[in-house]
Amino acid sequence: MEFSLLDRIIEIQEGAQIQAELTLTGSESYLQDHFPRFPVMPGVLMLQSMLQASIWLVRKSENFSHSVVHLKQARNVKYADFMAPGQKLTVMAEILKEDEQTTTLKTKGELDGKNAVSARLTLERFNLADRFPQHGESDAIVRRRAREQFESLLDSPPPPPVNLEE
């Protein structure tokens, strides 16, 4: 993934579920526009955090066998709270069903143990060589980079506490 909206993966049970977290530091560039006097994480980025956790669960569960894992459908997306600087979003995703090409997950994000966002996500997975033979050599590179990113999220220490008074 080009940008990560997860600080670390806390727990993963292959083929079942994942828990990850993201702390909003207050220094994120998008907070300047969203909104200057009431900075909150855009809801679509909270959804992206749940999507990224879901993708890591799928990738790890199938031993990174597909180079492309992407969102096919987001359903029943519900926002219940704002995420402000200094808060930690705990993201959880659970596999509900899967077939040869898709995985459906129940996801949620919590702030201080309370639901802030939830959705049912369907992910599609494939290798470039299967659909675009001319790009098949890229599969191995993408899978290797994904493994490296995944390992860095597993090894990440918790972020330091945010000081909002600076």
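Residues numbered from 1 in each chain as written. Predicted model: local features only at pLDDT ≥ 70, side-chain atom pairs only at ≥ 80, totals over all residues. Heavy atoms only, no water.

> Help me get a handle on the pattern of salt bridges, residues and values and all.
Under the definition given, this model contains nine salt bridges. The partner of Glu21 in a salt bridge is Lys88, and the shortest N-O contact between them spans 3.8 Å. With a gap of 67 residues between them, Glu21 in strand β2 (residues 17-23) and Lys88 in strand β4 (residues 88-98) connect regions that are remote in the sequence. A salt bridge links Lys108 to Glu110; the nearest nitrogen and oxygen atoms lie 3.2 Å apart. (Salt bridge = Lys/Arg side-chain N within 4 Å of Asp/Glu carboxyl O. Helix = DSSP H or I, 4+ residues; strand = E, 2+ residues; numbered from the N terminus.)

> Explain the packing of aromatic side chains to me, and be specific about the residues and the numbers.
As enumerated under the stated definition, the model contains three aromatic pairs in all. Arranged with centres 5.2 Å apart and planes meeting at 85°, the rings of Phe38 and Phe82 form a pair that is edge-to-face. Placement of Phe38 in the loop between β2 and α1 (43-61) and of Phe82 in the loop between β3 (68-79) and β4 is noted, with a sequence separation of 44 residues between them. Residue classification places Phe38 among the partly exposed residues on the basis of a relative accessible area of 46%. Among the aromatic residues, those joined into a ring-pair cluster are Trp56, Phe64 and Phe150. Directly above the aromatic system of Phe126 lies the positively charged group of Arg131, at a separation of 3.7 Å from the ring centroid. (Phe/Tyr/Trp six-rings, centres within 6.5 Å; stacked < 30°, edge-to-face > 60°. Buried < 20%, exposed > 50% of the residue type's maximum accessible area, 1.4 Å probe, protein only. Lys NZ or Arg CZ within 6 Å of the ring centre and 35° of its normal.)

> Any chance you could break down the sheet that holds β3 for me, citing the residues and the numbers?
Spatially, the six strands line up as an open sheet ordered β1-β2-β4-β5-β6-β3, and their pairing is antiparallel. Every other strand in the sheet has two partners, leaving β1 (8-13) and β3 as the edge strands with one partner each. Direction aside, neighbouring strands of the sheet carry axes that sit 20° apart on average. Across seven bridges, the pairing between β2 and β4 is antiparallel. By the bridge assignment for β4, Gln17 is matched with Glu94. The strands that α1 touches are β1, β2, β3, β4, β5 (102-111) and β6 (114-126); relative to β6, the one it contacts most, it runs at about 50°. (Pairing = 2+ DSSP bridges. Axes fitted to C-alpha atoms, helices over the stretch in contact; angles between N-to-C directions. Contact = heavy atoms within 4.5 Å.)

> Go over the layout of surface pockets, please, and point to the residues and values.
When its volume is computed, the second largest pocket comes out at roughly 150 Å³. Lining the second largest pocket are Glu11, Ile12, Gln13, Gln17, Ile18, Gln19, Met92, Ala93, Glu94, Lys106, Thr107 and Lys108. Mapped onto the lining of the second largest pocket, the elements with two or more residues apiece are β1, β2, β4 and β5. Looking at side-chain class alone, the lining of the second largest pocket contains four nonpolar, four polar and four charged residues. (1 Å grid on protein atoms, 1.4 Å probe; cavity = no way out; pocket = protein on both sides within 12 Å on 5 of 7 lines; lining within 4 Å. Points joined across faces, edges and corners; volume = space filled by probe spheres on them. Nonpolar A, V, L, I, M, F, W, Y, C, P; charged D, E, K, R; others polar.)

> Tell me about the pairing of β6, residues and numbers included.
Within β6, ten of the 13 residues are buried, which leaves it mostly tucked inside the rest of the structure. Relative to β6, β5 is paired through ten bridges, and the arrangement is antiparallel. Each bridged residue has a counterpart across the sheet, and for Glu110 the counterpart in β6 is Asn115. Taking the residues that link successive antiparallel strands as the turn, the β5-β6 hairpin has two residues, and the phi of Asp112 there is positive, at about 50°.

> How would you explain α1 if you had to name every residue and give the values?
Look at α1: 27 Å from first C-alpha to last across 19 residues, which is about the 27 Å you get at 1.5 Å a residue. Counting buried residues along α1, 14 of its 19 residues qualify, which places the element largely inside the surrounding structure. Looking one or two places after α1, you find Asn63, whose phi comes out positive at around 55°. (Expected span 1.5 Å × (residues − 1).)

> Please set out the environment of Glu11 residue by residue, giving values where relevant.
Locating Glu11 in the fold gives a position in strand β1. Residue classification places Glu11 among the partly exposed positions, given a relative accessible area of 38%. Glu11 sits 94 residues away from Leu105 along the chain, and the two C-alpha atoms are 16 Å apart. When residues no more than four places from it in sequence are discounted, the contact partners of Glu11 are Gln17, Ile18 and Gln19.

All quantities given are derived from atomic positions and should not be read as evidence of function.
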